[in-house]
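Fold and geometry: a report
As a plain string of letters, each chain reads:
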Amino acid sequence: MRIFLKIVAFALIVLFTVPVVRYRTVSPCGMLKKEYVERVERQAREVEEQALEQASAYSDEAEAVAEEVAGVVEDVTAGIAAGVAEAKVRRMSTWECTKELIDLKLGGEADER
């Protein structure tokens, strides 16, 4: 009987702590920040692909230089995007983050601030 009570107590502890831990680690503002950065990175990759296509039309050397430049630009863009996303999300409440995240996921674009 004691073993059964210990198992039930352990199960109740797990049932109550998992949602609390999940809420702390997966916040709407963190998800929104990640979504902002992913969108900027996706746009940067599209621009990079277009630039590489155009550079390959000239020569292999131009394509190699374009690849190096694109790598540096992508790294800088990701850093700037992370900083801007952090600054924007820091000013928002959890409700505002949730609303904007839903707008991004469903509508594609959120209101610009």
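Use the structure listed above.
Residues numbered from 1 in each chain as written. Predicted model: local features only at pLDDT ≥ 70, side-chain atom pairs only at ≥ 80, totals over all residues. Heavy atoms only, no water.

Moving on, we come to the overall build of the protein. The helix and strand tally for the protein stands at 4 helices and 0 strands. Put simply, the protein has 113 residues, and 20% of those count as buried. Looking at the protein alone, contacts between residues at least 24 apart form 66% of all its contacts between residues at least 6 apart. Carbon together with sulfur atoms contributes 62% to the accessible area of the protein, which is approximately 8900 Å² in total. (Helix = DSSP H or I, 4+ residues; strand = E, 2+ residues; numbered from the N terminus. Buried < 20%, exposed > 50% of the residue type's maximum accessible area, 1.4 Å probe, protein only. Contact = heavy atoms within 4.5 Å. Areas by Shrake-Rupley, 256 points an atom, 1.4 Å probe, with all protein chains shown as cover.)

Right, let's get into helix 2 (residues 28-56). Taking 1.5 Å per residue as the helical rise, helix 2 with its 29 residues ought to reach 42 Å, and the 42 Å between its terminal C-alpha atoms agrees with that figure. Every buried residue of helix 2 is listed here: Pro28, Cys29, Leu32, Glu35, Tyr36, Val37, Arg39, Ala44, Glu48, Leu52 and Ala55. Close packing links the buried residues of helix 2 with helix 3 (60-90) and helix 4 (94-107). (Expected span 1.5 Å × (residues − 1).)

The term disulfide refers to a covalent linkage connecting the sulfur atoms of a pair of cysteines. A full pass over the atoms with the stated rule returns 1 disulfide. Covalent S-S linkage joins cysteine 29 and cysteine 97, the inter-sulfur distance amounting to 2.1 Å. In this structure, the disulfide formed by cysteine 29 and cysteine 97 twists by about 95 degrees around the S-S bond and is classed as right-handed. One end of the pair, cysteine 29, is in helix 2; the other, cysteine 97, is in helix 4, and 68 residues separate them in sequence. Take cysteine 29 and cysteine 97: they sit in the same class, and that class is buried. (Disulfide = S-S within 2.5 Å.)

This part covers the nonpolar core. Among the nonpolar cores identified, the biggest contains 10 residues, and these are Cys29, Leu32, Tyr36, Val37, Ala85, Val89, Met92, Cys97, Leu101 and Leu104. When contributions to this core are tallied by element, the ones reaching two or more residues are helix 2, helix 3 and helix 4. In terms of residue count, helix 2 provides more of this core than any other element does, 4 residues in total. (Core = buried A, V, L, I, M, F, W, Y, C linked by side-chain atoms within 4.5 Å.)

Coordinates in, geometry out; function isn't part of it.
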